[in-house]
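# A look at the structure
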Number of protein chains: 2
Amino acid sequence: MSKQARTAITPTRAENFPEWYQQVIKAADMAENAPVRGCMIIKPYGYALWEEMQRVFDRRIKEQGVQNAYFPLLIPMEFMNREAAHVDGFAKECAVVTHHRLETGPDGNLIPAPTSRLEEPYIIRPTSEMIIGDAMARWVQSYRDLPLKLNQWCNVMRWEMRTRMFLRTSEFLWQEGHNAFASAEEARADSLKMLDEYVKFCEDTLALASVAGTKTEDEKFPGAVETYTFEMMMQDGKALQSGTSHYLGQNFAKSIGIKFQDKDGQEQYAHTTSWGISTRLIGALIMSHADDDGMIMPPRVAPQQVVILPVLKDDAESAAIMTYCEELAKALKAKGLRVRLDDRDMRTTDKMWDAVKKGIPVRVEVGQREKEEGQITFIRRDIGRDSKKTIERSAFIGEIDGVLDDIHEAMLARSKAFCQENIFTFGTAGEVEEFFAAGKIGFVKVPAALLGEEKLATVMGAHSLSARCLPFSDEGQSVLIGKSY
Amino acid sequence: MSKQARTAITPTRAENFPEWYQQVIKAADMAENAPVRGCMIIKPYGYALWEEMQRVFDRRIKEQGVQNAYFPLLIPMEFMNREAAHVDGFAKECAVVTHHRLETGPDGNLIPAPTSRLEEPYIIRPTSEMIIGDAMARWVQSYRDLPLKLNQWCNVMRWEMRTRMFLRTSEFLWQEGHNAFASAEEARADSLKMLDEYVKFCEDTLALASVAGTKTEDEKFPGAVETYTFEMMMQDGKALQSGTSHYLGQNFAKSIGIKFQDKDGQEQYAHTTSWGISTRLIGALIMSHADDDGMIMPPRVAPQQVVILPVLKDDAESAAIMTYCEELAKALKAKGLRVRLDDRDMRTTDKMWDAVKKGIPVRVEVGQREKEEGQITFIRRDIGRDSKKTIERSAFIGEIDGVLDDIHEAMLARSKAFCQENIFTFGTAGEVEEFFAAGKIGFVKVPAALLGEEKLATVMGAHSLSARCLPFSDEGQSVLIGKSY
């Protein structure tokens, strides 16, 4: 066996991180590039992960009083003209619909029918801020209609030039929340609350640590009073902006006309927020948790939490081993677990590697001996061979929830440790320069006051660094800087 | 009180069915027309219904081994040229994307940037048949890869000229399933199976009866070997095609290239099916169940299954009544029910009518007397005042599941009876003529052999009738005819 073959994924993270990322996605069968420029196909295994993420987060936001709705895909151009700040914020790179019919052209191929040209073109939503705001302006009349918390799970499109699966694609899936309040205090508090929901969701469900904070003036969303963000550190030390929550003050309400009568009968503009996370989080999951053998799924959203591999040798015993595995699968499913019994007609080794590359948290192997002894052997994906244990089948059924929780905690602890250990606090731009010039990876933290200095700006420019946020933990006194996706 | 005010909805069904339909939607706050041609906004109450429908049906199809995935919104024009039969099947009326950037035009407004014109335009998916088929052609290599059952929940767009909320809008939400098999037998059986899933879902979950059958040659989907359909009868006697399942034979696999090596190593084309239902079903729900007082939600998908109205008069007792109601809400929620405690600062009568118009299956009223006696009063929406009952609160908590089941059964029985009682069996085209000329409503059933006769064609043309299906129950010997949406 050659040296390269020791890991399931080629190249390794150390050899070529971006290529390793693509290969992990391919090996786990999560997605592939589509025959549409800059777009991807989310394959069943990747989509099942997104469904689990949606399921958990959707429940969380409904507990916050958020209501889901659905707004049109197409945005009239008039809306774009109305909201200049937003048009600047969302790139003008967007898909424009100009015709509404096809007809057969001179060469026999279909063309947009010239007679179907639209008087006013539409764009495919890059966000629904404006069309939702327009509806809110109709729906909100009195203080009694507030707060109004709307969310939609949908596809959006931004014509991206350099795309990478999950991280940046022209079309992606997301949730966009748009909330309106009667007072500035409520709106700001809610904006912070939704960011906190994201941070907690990532920790509690995805086992991902992050640094939460406020965007600097330069980096905030145009039109927002404040943009709150949570930034994750990928294994290559780069930052991934994983989601944002904008406190828009009355800026947006004024431009789109969200007004209400307050308790005293006075007309007021509402105070609004918007907040979103997307399939980009799947990219964060991969670049944070996966290793040189492929994906490692956090147990609480893993499409399959346990995979059972029957190890069949002797035909005479195969049926009995299969029955034994089926009983196990049934018992685990009865506990509400997502279980796969891999009964495909393939070599056990291939199935084993498939489970490893897909990152299924717990792999169970059942052979002749296990069956006879009423036992099972299991291996944790996050640890590997060293976690191999043979225990009673009934004990495993009783303990599996605990095992999955342990895996979650271990993954989260690793994520936190990696992030904490790779944030370096410096006092001068010179130290920042020295750090990145030496090829070190991670984030640096410097006093926020340095942001105005030319020296720091020069260093940041030279090393393609950006200000990620002013971390809440330092109360705005420091700024976190890093390379980013 | 004027005569017109006796019903919550004006006009009534008898007065103006199409306008009544719009008013029911408005009164229940389910949807509204969007500021985008032919599109709608699905408001929170309408969207919550769709989410419940999705939740139930998604579970059903996953039990059938169907996997969800996500494919791009945009379809390259090349695909349209490749699949002539499909382009004919799906209207050429579709949204065409021709540019990918906006820029400021001469008058200061945004225009599609001429330099961003796409060499090859894209269309917004009217269906994903082709792009999913193209992926299947890559993913299917061997008989081991079959069956492959893929589904996606998504938005699609067809540029409709005459639109009506839920029934026909330019953009709508749906699920589209695309399955591939190694044999014709499996594919045909699965196509029938998915139709049966639809019929059962509608009966078991939406309390909607339908007539299932095969489309005639003229009405089937171009490119399909057979199109299976289920047709519902609305309260005005018109038919609504509620969903279809197509058995495509090898036609589609041949044009898009879905091939596999069979067990003998021979290359074969796959046998495929496709099947879909959409937000149109919400239109069916309304036009089947609602009455002159508004919506009646089938309990199993009702966004709110029980609404609790505190009847507050004396301030001194209000707090105690509210606590009593909160305890009730908590107990019902603990049973897994969707419950609304309507504590809005509004007149009780207004809240009562709001609950009626929204069609919440069970309305609970709690006043001073109920609280003191440890009782509640409840009213079934499907029956109204005559169902009013005052019982012990604990008894209600124990019996509510049964009450909701009873409502479901009663609604389904009514739906079935209405459909059955309004299907008339005739032997000649003359009888059909007589029936519709007299202004009667419903479906007529005639021997399938009459379909070829000119007389029947003339009658159908004169009365805007269409062949809905050859019902399975008559084994292809009869044809069901009606007016349709």
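The rules we used
Residues numbered from 1 in each chain as written. Chains lettered and ligands numbered in written order. Predicted model: local features only at pLDDT ≥ 70, side-chain atom pairs only at ≥ 80, totals over all residues. Heavy atoms only, no water. Helix = DSSP H or I, 4+ residues; strand = E, 2+ residues; numbered from the N terminus. Rg over C-alpha atoms; globule rule 2.2 N^0.38 Å. Buried < 20%, exposed > 50% of the residue type's maximum accessible area, 1.4 Å probe, protein only. Contact = heavy atoms within 4.5 Å. Areas by Shrake-Rupley, 256 points an atom, 1.4 Å probe, with all protein chains shown as cover. Lys, Arg positive; Asp, Glu negative; His and termini not counted. Charge placed at Lys NZ, Arg CZ, Asp CG, Glu CD. Least-squares fit on C-alpha atoms with pLDDT ≥ 70 in both. Axes fitted to C-alpha atoms, helices over the stretch in contact; angles between N-to-C directions. Parallel < 35°, antiparallel > 145°, perpendicular 65-115°, else oblique. Left-handed = near helix turned anticlockwise from the far one by under 90°. Nonpolar A, V, L, I, M, F, W, Y, C, P; charged D, E, K, R; others polar. Domains from an automatic or database assignment. Core = buried A, V, L, I, M, F, W, Y, C linked by side-chain atoms within 4.5 Å. Buried area = accessible area lost by both parts, 1.4 Å probe. Salt bridge = Lys/Arg side-chain N within 4 Å of Asp/Glu carboxyl O. Polar contact = N/O pair within 3.5 Å; in protein donor to acceptor, adjacent residues only side chain to side chain. Pairing = 2+ DSSP bridges. Expected span 1.5 Å × (residues − 1). Arc of directions from axis to C-beta. Phe/Tyr/Trp six-rings, centres within 6.5 Å; stacked < 30°, edge-to-face > 60°. Lys NZ or Arg CZ within 6 Å of the ring centre and 35° of its normal.

### What about the overall build of chain A?
Scanning chain A from terminus to terminus reveals 14 helices and 25 strands. Taking 2.2 N^0.38 as the reference for a compact globule, 485 residues should give roughly 23 Å; the C-alpha atoms of chain A span a radius of gyration of 26 Å, in line with that estimate. Principal axes of the C-alpha set define a box for chain A whose edges measure 80 × 65 × 60 Å. The 485 residues of chain A split such that 60% are buried. Of the contacts formed within chain A by residues at least 6 apart in sequence, a portion of 66% connects residues at least 24 apart. Accessible surface, chain A: about 19400 Å² in total, of which carbon and sulfur atoms supply 46%. Between the centroid of the 60 positive side chains of chain A and the centroid of its 71 negative side chains there is a distance of 2 Å.

### Notes on the relation of the copies chain B and chain A
With an RMSD of 0.0 Å, the operation that places chain B on chain A is a rotation of 180° combined with a shift of 0.0 Å along the axis. Put plainly, the chains are arranged around a two-fold axis. For chain B, the minimum C-alpha distance to the rotation axis belongs to Val97 of chain B and amounts to 2.1 Å. Of the residues that chain B buries at the interface, 100% are likewise interface residues in chain A, meaning the two copies contact each other through the same surface.

### Section: the packing of helix H2 (residues 44-63) of chain A against helix H6 (residues 184-204) of chain A
Residue and element names in this part refer to chain A. The contact between H2 and H6 brings their axes to 11 Å, and the two run at 140°. Viewed along their axes, H2 and H6 adopt a mutual orientation that is oblique. Of the two elements, H2 crosses H6, and the hand of that crossing is right-handed. Two secondary-structure elements touch here, H2 through Met53, Val56, Phe57, Arg60 and Ile61 and H6 through Met194, Glu197, Tyr198, Lys200, Phe201 and Asp204. Across the contact of H2 with H6, the residue classes tally to 7 nonpolar, no polar and 4 charged.

### A few points about the domain arrangement of chain A
Partitioning chain A into structural domains gives domain 1 (17-289), domain 2 (306-419) and domain 3 (423-482). Each of domain 2 of chain A and domain 3 of chain A was reduced to a C-alpha centroid, and the two centroids are 45 Å apart.

### Considering the nonpolar core
Side chains that are nonpolar tend, in soluble globular proteins, to be buried together. Core analysis: the largest hydrophobic core is formed by 89 residues, its most contacted members being Leu74 and Ile124 of chain A together with Leu74 and Ile124 of chain B. Per-element tally for this core: the top contributor is helix H5 (residues 129-139) of chain A, with 7 residues. In this view, Ile124 of chain B contacts Leu73, Leu74, Val97 and Ile124 of chain A together with Leu73, Leu74, Ala95, Val97 and Met157 of chain B; residues no more than four positions away in its chain are not counted.

### Structural notes on the interface of chain B and chain A
Taken together, the 65 residues of chain B in the interface contact 65 residues of chain A. With both chains or domains summed, chain B and chain A bury close to 5300 Å², and 63% of this area falls on carbon and sulfur atoms. Sorting the residues of chain B by area buried against chain A places Tyr70, Leu102 and Leu110 of chain B first, and these three jointly supply 13% of that buried surface. Linking chain B with chain A are 6 salt bridges, by the criterion used here. Measuring nitrogen to oxygen at the nearest pair gives 2.7 Å for the salt bridge that ties Arg101 of chain B to Glu93 of chain A. Along the contact surface separating chain B from chain A lie 36 residue pairs in polar contact (both at pLDDT 80 or more). With 3 bridges joining them, strand S5 (residues 96-99) of chain A and strand S5 (residues 96-99) of chain B adopt antiparallel strand pairing. Across the sheet, residue His99 of chain A finds its bridge partner in S5 of chain B, namely Val96 of chain B.

### Considerations on unusual backbone geometry
Cis rather than trans, the peptide bond between Thr10 of chain A and Pro11 of chain A has omega equal to -5°. The topology assignment puts Pro11 of chain A in the segment before helix H1 (17-27). Backbone torsion omega between Leu146 of chain B and Pro147 of chain B reads -5°, so that peptide bond is classified as cis. When you line up the elements, Pro147 of chain B lands in the loop between helix H5 (129-139) and strand S9 (148-157). With a phi angle near 60°, Ala207 of chain A is a residue other than glycine that sits in the positive phi range. Along the polypeptide, Ala207 of chain A turns up in the loop between H6 and strand S11 (211-214). Phi is positive for Glu475 of chain A, close to 50°, though the residue is something other than glycine. For Glu475 of chain A, a relative accessible area of 69% puts it in the exposed group.

### Section: the sheet that holds strand S8 (residues 117-124) of chain A
Spatially, S4(A)-S8(A)-S5(A)-S5(B)-S8(B)-S4(B) is the arrangement adopted by the 6 strands of the open sheet, whose pairing is antiparallel. Edge positions in the sheet fall to strand S4 (74-76) of chain A together with strand S4 (74-76) of chain B, since each of these pairs with one other strand and no more. Taking each pair of neighbouring strands and ignoring which way they run, the sheet shows an average axis angle of 45°.

### Overview of helix H8 (residues 280-289) of chain A
Helical periodicity: at 3.6 residues per turn, an α-helix aligns residues three or four positions apart in one direction. In terms of burial, H8 of chain A is a largely internal element, 10 of the 10 residues being buried. Every buried residue belonging to H8 of chain A is among Arg280, Leu281, Ile282, Gly283, Ala284, Leu285, Ile286, Met287, Ser288 and His289 of chain A, and all of these are buried.

### Section: the sheet that holds strand S13 (residues 239-249) of chain B
Residue and element names in this part refer to chain B. Spatial ordering of the open sheet is given by S3-S9-S10-S16-S13-S12-S11-S24-S25-S23-S22, a layout of 11 strands whose pairing is mixed. Bordering the open sheet on either side are strand S3 (67-68) and strand S22 (423-425), each of which pairs with just one other strand. Pairing between strand S24 (residues 466-471) and strand S25 (residues 478-482): 3 bridges, direction antiparallel. Bridge assignment links Cys469 to a residue of S25, and that residue is Leu480.

### What to know about the pairing of S5 of chain B
Relative to strand S8 (residues 117-124) of chain B, S5 of chain B is paired through 3 bridges, and the arrangement is antiparallel. Considered in S8 of chain B, the bridge of His99 of chain B is made with Arg117 of chain B.

### Looking at helix H9 (residues 315-334) of chain A
Residue and element names in this part refer to chain A. Between the first and last C-alpha of H9 there are 29 Å, a value that for 20 residues agrees with the 28 Å anticipated at 1.5 Å per step. Residues of H9 that are buried: Ser318, Ile321, Met322, Tyr324, Cys325, Leu328, Ala329 and Leu332. End-on view of H9: buried residues confined to an arc of 165°, all on one side of the axis. When the buried face of H9 is taken as reference, the exposed residues oriented beyond 90 degrees from it are Ala316, Ala319, Lys330 and Ala334. On its buried side, H9 packs onto strand S17 (306-310), strand S18 (339-341), strand S19 (362-366), helix H11 (368-373), strand S20 (375-380) and helix H12 (393-421). Taken from the residues just after H9, Gly336 is the one with a positive phi, measuring 90°.

### Focus: the packing of aromatic side chains
All names here are of chain A. This model, assessed by the stated rule, comprises 28 aromatic pairs over all chains. Taken together, Phe57, Tyr198, Phe201, Phe230 and Trp275 form an aromatic cluster joined through their ring pairs. Against the face of Tyr324 rests Arg393, its NZ or CZ located 4.0 Å from the ring centre.

### Points about the pattern of salt bridges
Enumeration according to the criterion identifies 66 salt bridges over all chains in this entry. The salt bridge partner of Lys62 of chain B is Glu51 of chain A, with a shortest N-O separation of 3.1 Å. Within this pair, whereas Lys62 of chain B is found in helix H2 (residues 44-63), its partner Glu51 of chain A is found in helix H2, the two belonging to separate chains. On the accessibility criterion, Lys62 of chain B (37% relative accessible area) is partly exposed.

### Observations regarding the side chain of Asp262 of chain B
Residue and element names in this part refer to chain B. Within the element layout of this structure, Asp262 appears in the loop between strand S14 (259-261) and strand S15 (267-269). It is Lys263 that comes nearest to the buried, bridge-free Asp262 among opposite-charge side chains, at 9.7 Å. A distance of 2.9 Å separates the side chain of Asp262 from the side chain of Gln268, its partner in a polar contact. When residues no more than four places from it in sequence are discounted, the contact partners of Asp262 are Tyr143 and Gln268.

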